[in-house]
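One-letter residues, chain by chain:
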Amino acid sequence: MPKFAAIDIGSNSCRLAIAEVQAHKLKTLHEDREVTRLGESVFESGVISPDAMAVTVKALKRFHKAVQMHVVDKVRVVATSASRDARNSEAFRAWVKSATGWTVEVISGLEEGRLIHLGVMSRVPEAARGRSLLMDLGGGSCEITVSDAGRIQQMVSTPLGAVRLQQEFLRNDPPTKEDVARLRKFIERELNRAQKKLGQPRVATVIATSGTASALAEASVALKQLKKSKVLEADTISVRAIADKLLKLNTAQRAAFPGIGERRAEIICGGAQVYAMLLERMKLKGFRYSDVGLRDGVLAQMLADTDVRASVHRTMEAERWAGVLEVCRRYGFDPRKADPDLEHCTLLFDQLQRVHGLPEEYRLWLRAAAMMQDVGKYMNHQGHHRHTQYIIANSEIFGFSPEQRAIVAAIARYLGRSRPEPMDRPMRSVPVEEHAHVERAVVLLRLALALNQDRATAAVKVRTHVYPKRIAISLVPARGGAELESWALKKEAPYFREVFKRELVVDVV
């Protein structure tokens, strides 16, 4: 069974999770965590300090040994807020690459929230049954997600991380009244922006993740003198009382506060205020703590990409396609117009598999490019393929990594007169080993478009026949004939021969 490793390089700590696939589900084999405070210097000076880099790399080397010991098949390393903000992020990633061989992927705040949501939905079944609100407050950012039946409805990412707030507003110990006033004003401003998008969500379940939520839930249990249960929860009144109490204590006193602990005491104040203000503004009764985190979402994503029989694979496919449709809506393109192209590119992909030899994931990449091919017309009809490439490559499309977006964008780019060249700007964003795949996908999509010359009429029927030296495409005319489609396909024959080394023969039956 394959084994996966997920490493989350956060602003406050680094985490490792290693899991094995068993019966299309993940079984955790090993976990590790190290507090590195990578974001501390970033939120103060804009750069990661050499000391923070060294501490983080040391922890990652330990993780690397664990990964080797478990003979892991695939590793994914993601970095969040501190790495997004740091001016010397590239130098840090180069150091990690040199020390471990791992490539660090810096993900956006929305992608971070999506992965956490994916992890929670795969590990907390009751959260996927109705409407839920997820809150994850890390070291540098706070992601708030509204979910319905396991599908993301709305999401915002705010700069309300515990380490960031500590560094920017709470430099005195205990904080002064002026410190607290500035802190609350900043939190209120950011929550105002978040609420404009989220509104006043009515949800059945509220789940909070991360260390700050854990500490507040533990403290809430202690405050009420309740017995600990398997489910850690905190109500809004308790969170407000704890958040205000902590502001009056110094670090040593906060460390002694039940449920807080020594390491969390240094950065708890700002995060506690965020939770209190968020719960109050959205009129929520409280939250349930879950120990699921970003690493769990990364593992779930790896499972979805690998095992098509896993339930999370279906969730992932639906989420990705919803992201594609959202881009179409955002740029005024009616997805129904692309239905014939989708039908034909899927048919060609499936029937010519022996010819193109593309990996299975290119089926989705090809369909996504077909769906979004005309979004560039929102900017300008002239040269719209260039605009389409830019929009796809730079849009936040749930479920697509930057590399995957670059591949889809490149496929959609070369549907006009130009052909993909290694030194073209769109192709430079695509890994070299994927260049041949992209070129083959471009040819398939060009053929699909050739089959849909007149969208006012019914789509033609297509039959393909694969021979050693040629590919025969027979067209069954629909209403209005198939002469235009036959002519357009024959125009693509020279490029088809150049890429696939076979003749393309077209006839109308």
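In case you missed it, the structure is sitting above this.
Analysis parameters
- Every chain is numbered independently, its residues counted from 1 as its sequence is written.
- Local features in a predicted model are, by the rule used here, given only for residues with pLDDT of at least 70; side-chain atom pairs are given and counted only at 80 or more, and totals for whole chains, interfaces and linings are based on all residues.
- In computing side-chain values, all of the structure's heavy atoms are included and hydrogens and water are not.
- By this definition, two strands are paired if DSSP reports at least two bridges between them.
- Here a helix means four or more residues in a row that DSSP labels H or I, a strand means two or more in a row labelled E, and each is numbered from the N terminus.
- Cavity: a set of points on a 1 Å grid over the protein atoms alone where a 1.4 Å probe fits but cannot get out. Pocket: an open set with protein on both sides within 12 Å along at least five of seven lines, its lining residues, like those of a cavity, having an atom within 4 Å of a point.
- Grid points are joined across faces, edges and corners, and a volume is the space filled by probe spheres set on the points.
- Amino acid classes used here: Ala, Val, Leu, Ile, Met, Phe, Trp, Tyr, Cys and Pro are nonpolar; Asp, Glu, Lys and Arg are charged; the rest, including Gly, are polar.
- Contacts: residue pairs with any heavy atoms within 4.5 Å of one another.
- When a carboxyl oxygen of Asp or Glu lies within 4 Å of a side-chain nitrogen of Lys or Arg, that pair is called a salt bridge.
- With a 1.4 Å probe rolled over the protein chains alone, any residue whose accessible area is under 20% of its type maximum counts as buried; one over 50% counts as exposed, and the rest are partly exposed.

This part is about the pairing of strand β12 (residues 461-466). Pairing between β12 and strand β13 (residues 470-476): 6 bridges, direction antiparallel. Each residue of the ladder has a partner; that of Val-466, found in β13, is Ile-471. Here β12 hands over to β13 after 3 residues, the two strands then running antiparallel side by side.

A volume near 1100 Å³ is recorded for the largest pocket. Lining of the largest pocket is provided by 36 residues; of these, Lys-74, Asp-305, Ser-401, Glu-403 and Gln-404 occupy positions nearest its centre. Elements with a contribution of two residues or more to the lining of the largest pocket: β4 (74-79), β5 (104-106), α5 (109-123), α13 (294-306), α14 (311-330), α17 (362-372) and α19 (402-413). Its residues assigned to classes, the lining of the largest pocket comprises 14 nonpolar, 7 polar and 15 charged.

Moving on, we get to the environment of Arg-463. Relative to the assigned elements, Arg-463 resides in strand β12. Along the sequence, Arg-463 and Gly-101 sit 362 residues apart, while their C-alpha atoms lie 47 Å from each other. The contacts of Arg-463, once residues within four sequence positions are left out, are Ala-472, Ile-473, Ser-474, Val-476 and Val-509.

On to the pattern of salt bridges, then. Two side chains of opposite charge can pair, provided their charged atoms sit close to one another. Scanning all chains against the criterion turns up 30 salt bridges. The salt bridge partner of Glu-190 is Arg-193, with a shortest N-O separation of 3.3 Å. Separated by 3 residues within a single helix, Glu-190 and Arg-193 lie in helix α7 (residues 177-198), roughly one turn from each other. Relative accessible area serves as the criterion here: at 6%, Glu-190 is assigned to the buried category.

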